[in-house]
Amino acid sequence: MNPQFLPMTLKKHSTFNIQRSTSKGPWCLFLGVECSALNVECFRRILFLLAIALSLNLRAADLPLPAPPEDTPIKVTNDPAAAKRLAWWSDARFGMFIHWGLYSQWGCHYPGTNGDLLNGGSEHMMLHLKIPLAEYAKIADIFNPTNFSADEWVAIAKNAGMKYIVITSKHHDGFAMYDSASSDYNIVKRTPWHRDPIKELAEACRKQGLKFGVYYSLGRDWEDPDVPTRDGYRSNTLDYPDENKKQFSKYFARKVKPQIRELLTQYHPAVLWFDTPEKISAAESQELADYIHQLEPDCIINSRVGHGLGDYGVSEQKIPGSGDSKPWETCMTLNGHWGYFLGDEKWKSPETVIHNLVDIISKGGNYLLNVGPTGQGIIPPGAVNDLKQVGAWMKVNGESIYGTTASPVKEPAWGRTTRKGDKFYLHVFKWPKDNKLMLTVPPVETGRETAWSAHLLADGKSLPVQVVGDAPTITLPSAPPDPIDTVVVLTRSR
Ligand code: JFZ
């Protein structure tokens, strides 16, 4: 592992006092047998439990949680204002998601009482490891990402071919990663760094021509005492045990609305990416959407503002089987975690990323691909390396991505297709053995009078097309010029 990602400041924190549940429970009782004389049955049960524990690799973070709530689909909107807001976004297709917060300090791990690092599983580590707010807040005392460079982060996104970024302005932990006048629990006031990365990133995006957006955890906030969650399982019940006393409306007025106003007026984000609506009421979702559009009419809102509102739908970690007629976006991790996770070097291959991107675009969606920078402010080299390779492909093939629409050709065996009017971009993932590529477009799209021509997008070399039945059939070179995805442009003239 790269030494710069090792938790250098661990020793300082050996004073941290985490109230971990030490489960030195009455084992014999638990096993349900009399164990004073270790009988066979008791031994058998211990082995059985051990096997289960090992196979589950049981840690706090891995305990099974109830399924997350399904995303509510957005209501059909024929709203011209929404269409206008979404115009740039629909052309952009590819964006960078950034999860960055106090949980990044030790890569979603936390120093235990013995100085060992406890695995918090994810950016939810405060909840997973049962860290009281006052203790968790101490991470801010040492959060000092001196290697942070907004220009560098934005350049990494831009070189990957991404056209927008969306960064966590406040995750479930409730800590604002920007200068918030309404809550002192923020990066400028609480950290020795005293800088506002949201401001710096917004500026870097404007300079480099990318759109800027912010993520905001709506229905979960572990700093505020008034945030109940569905069934209570995602609430801070350690510091605020009584779920019944919590009133979302108080938190909504005290924290959500002031912070949304700050975000809009200070940074003018083009996207507000809400998460986890949880207990927000339909009236409050509507109030929030209206409030945003009063302040910033062009700000796009995702569906997690709740109750079917918002301009586009979200699909998390999944690519839907077929295109949705409503605008949608798949958000996905580049490795196995949203926040920087110590030791997770399982990066998706550039091939997988490119195929995912093309698959999503062919179905009319956007791809929001996540990176988790370290506590030092560095986007992990594994991620950067991946994005560089995706960027090299995008430089040659971007025309087949930006500004394209969903293709009427569904999931052909050899790859995917994207479309811009009379141009079909055939993305060949699997090179056909006979070097023949047949495009079966729905009959309504073809006509005997249709003439077709084809060329390779990379070098413009033209390729012979024959019409077999109704299907234009292209003769390809004998080997794929790009083994990941060779793009053939098939043009129709009538
Ligand atoms: C949420 C967060 O909890 C997570 O930390 C990350 O920020 C991710 C992008 O969003 O996780 C969710 C939210 C909603 C669903 C699943 C996971 N959902 O509706 O299926």
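The structure displayed is predicted, hence computed values, not measured ones.

A. Representation of the overall build of the protein chain within the structure. Each helix and strand in the protein chain was counted, giving 13 helices and 18 strands. Within the protein chain, the fraction of its 494 residues that count as buried is 42%. Residue pairs in contact within the protein chain that sit at least 24 positions apart in sequence constitute 70% of those at least 6 positions apart.

B. The arrangement of the sheet that holds strand S9 (residues 328-333) in detail. Across the sheet, eight strands lie side by side as S7-S6-S5-S4-S1-S10-S9-S8; this open sheet has parallel pairing. Two strands lie at the open edges of the sheet, namely strand S7 (300-301) and strand S8 (313-316), each paired on one side alone. With four bridges joining them, strand S1 (residues 94-98) and strand S4 (residues 164-170) adopt parallel strand pairing. Bridged to Gly95 within S4 is Tyr164.

C. Focus on the environment of Glu351. Tracing the backbone shows Glu351 in helix H12 (residues 350-362). In this structure, the C-alpha to C-alpha distance between Glu351 and Ile484, residues 133 residues apart in sequence, is 5.7 Å.

D. Broad picture of the sheet that holds strand S14 (residues 451-456). An order of S11-S12-S18-S14-S15 is seen for the five strands of this open sheet, with the pairing classed as antiparallel. The open sheet has two edge strands, strand S11 (415-420) and strand S15 (462-463), and neither has a second partner. Bridge count for S11 against strand S12 (residues 423-428) is six bridges, and the pairing is antiparallel. Pairing of Lys420 across the sheet is with Lys423, part of S12. Most of the contacts of H12 go to S11, to which it runs at about 50°, and overall it touches S11 and S12.

E. Expanded view of the packing of helix H7 (residues 150-159) against helix H9 (residues 197-208). Two elements in contact, H7 and H9, have axes separated by 8 Å at closest approach and are oriented at 50°. Compared by their axis directions, H7 and H9 come out oblique. Remark: the crossing between H7 and H9 carries right-handed chirality. From H7, Ala150, Asp151, Trp153, Val154, Ala155 and Lys158 reach across to H9, where they touch Pro197, Glu200, Leu201, Glu203, Ala204, Cys205 and Gln208. Partitioned by chemical class, the residues of the contact of H7 with H9 number eight nonpolar, one polar and four charged.

F. Up close: the confidence of the model for the protein chain. Averaged over all residues, the pLDDT of the protein chain is 87; the fraction at 70 or higher stands at 83%. Residue range residues 1-38 is modelled with pLDDT below 50. Its contacts to residues more than four positions away, or to other chains, number 43 contacts. A low-confidence stretch, residues 48-66 stays under pLDDT 50, and its non-local contacts, those more than four residues away or across chains, total 15 contacts.

G. Highlighting the packing of H12 against helix H13 (residues 381-397). At their nearest, the axes of H12 and H13 sit 9 Å apart, and the two run at 50° to each other. What the angle tells us is that H12 and H13 run oblique. Helix-helix and strand crossings are classified by hand; for H12 and H13 the assignment is right-handed. Of the residues in H13, those in contact with Pro350, Val353 and Ile354 of H12 are Asp386, Gln389, Val390 and Trp393. Partitioning the contact of H12 with H13 into residue classes produces five nonpolar, one polar and one charged.

H. Seen up close, the nonpolar core. The biggest cluster of nonpolar side chains holds 96 residues, and the ones touching the most others in it are Ile165, Val166 and Leu201. Discounting chain neighbours no more than four positions away, the residues touching Leu201 are Ala150, Trp153, Val154, Ile165, Ile167 and Phe212.

I. Quick look at the pairing of S12. The buried fraction of S12 is high, at five of six residues. In textbook terms, the turn of a hairpin is the stretch between consecutive antiparallel strands, and for S11 and S12 this stretch comprises two residues, one of which, Gly421, has a positive phi near 60°.

J. Highlighting H13. For H13, built from 17 residues, the straight-helix expectation of 24 Å at 1.5 Å per residue is met to within 8% by its first-to-last C-alpha distance of 24 Å. Among the residues of H13, Ala383, Asp386, Leu387, Val390, Trp393, Met394 and Asn397 are the ones counted as buried. The arc that holds every buried residue of H13, seen down its axis, measures 120°, which confines them to one face. Facing away from the buried surface of H13 by more than 90 degrees, the exposed residues are Asn385 and Lys395. Here the buried face of H13 lies against H7, H12, strand S10 (366-371) and strand S18 (486-493).

K. Main features of the pairing of strand S6 (residues 271-275). For S6, the tally of buried residues reaches five of five residues, placing the bulk of the element in the interior. Both faces of S6 are covered, namely the face carrying Val271, Trp273 and Asp275 and the face carrying Leu272 and Phe274. In the classification by handedness, the crossover that spans strand S5 (residues 211-217), the intervening helix H10 (residues 248-267) and the parallel S6 is right-handed. With two bridges joining them, S6 and S7 adopt parallel strand pairing. Each bridged residue has a counterpart across the sheet, and for Val271 the counterpart in S7 is Ile300. In this fold, the crossover linking S6 to S7 by way of helix H11 (residues 282-295) has right-handed handedness.

L. Structural detail: the environment of Gly161. Turning to its location among the elements, Gly161 is positioned in the loop between H7 and S4. Sequence spacing of Gly161 and Met96 is 65 residues, and the spatial spacing of their C-alpha atoms is 9.7 Å. Beyond its immediate chain neighbours, meaning those up to four positions away, Gly161 contacts Phe94, Val390, Gly391, Met394 and Gly398.

M. Region of interest: the environment of Ala140. With respect to the secondary-structure elements, Ala140 resides in helix H6 (residues 139-142). What makes Ala140 partly exposed here is the crowd of 19 C-beta atoms within 10 Å. As a C-alpha pair, Ala140 and Gly101 span 39 residues in sequence and 9.4 Å in three-dimensional space.

Cut-offs used in this document
- Each chain carries its own residue numbering, running from 1 in the direction its sequence is written.
- Predicted model: local features are reported for residues with pLDDT of at least 70 only, side-chain atom pairs are reported and counted for 80 or more only, and whole-chain, interface and lining totals are derived from all residues.
- Labels follow the DSSP assignment, with helices taken as runs of H or I lasting at least four residues and strands as runs of E lasting at least two, numbered in each case from the N terminus.
- Counting other C-beta atoms within 10 Å of its own, a residue is labelled buried from 20 upward, exposed at 12 or fewer, and partly exposed in the gap between, with every C-beta atom placed from the backbone.
- With C-beta atoms placed from the backbone, a contact is any residue pair whose C-beta atoms sit within 7 Å.
- Two strands qualify as a pair provided DSSP detects at least 2 bridges between them.
- Axes here refer to lines fitted to C-alpha atoms; in helices the fit is confined to the stretch in contact. Angles between the N-to-C directions go from 0 to 180 degrees.
- Angular relationships are summarised with four words: roughly parallel below 35 degrees, roughly antiparallel beyond 145, roughly perpendicular across 65 to 115, and oblique for the angles in between.
- Note: crossing handedness is left-handed where the near helix turns anticlockwise from the far helix by less than a right angle, and right-handed where it turns clockwise.
- Throughout this entry, Asp, Glu, Lys and Arg are counted as charged residues, while Ala, Val, Leu, Ile, Met, Phe, Trp, Tyr, Cys and Pro are counted as nonpolar. The remaining residues, Gly among them, count as polar.
- On a range of 0 to 100, pLDDT expresses the predictor's confidence in each residue.
- Nonpolar core, as used here: buried Ala, Val, Leu, Ile, Met, Phe, Trp, Tyr and Cys residues forming one set through C-beta atoms within 7 Å.
- To estimate how far a helix should reach, multiply one less than its number of residues by 1.5 Å.
- It is the directions from the helix axis to the C-beta atoms that the arc portrays.
- Crossovers are marked right-handed if the path from the first strand over the helix to the second runs clockwise, as seen with the strands pointing away from the viewer.

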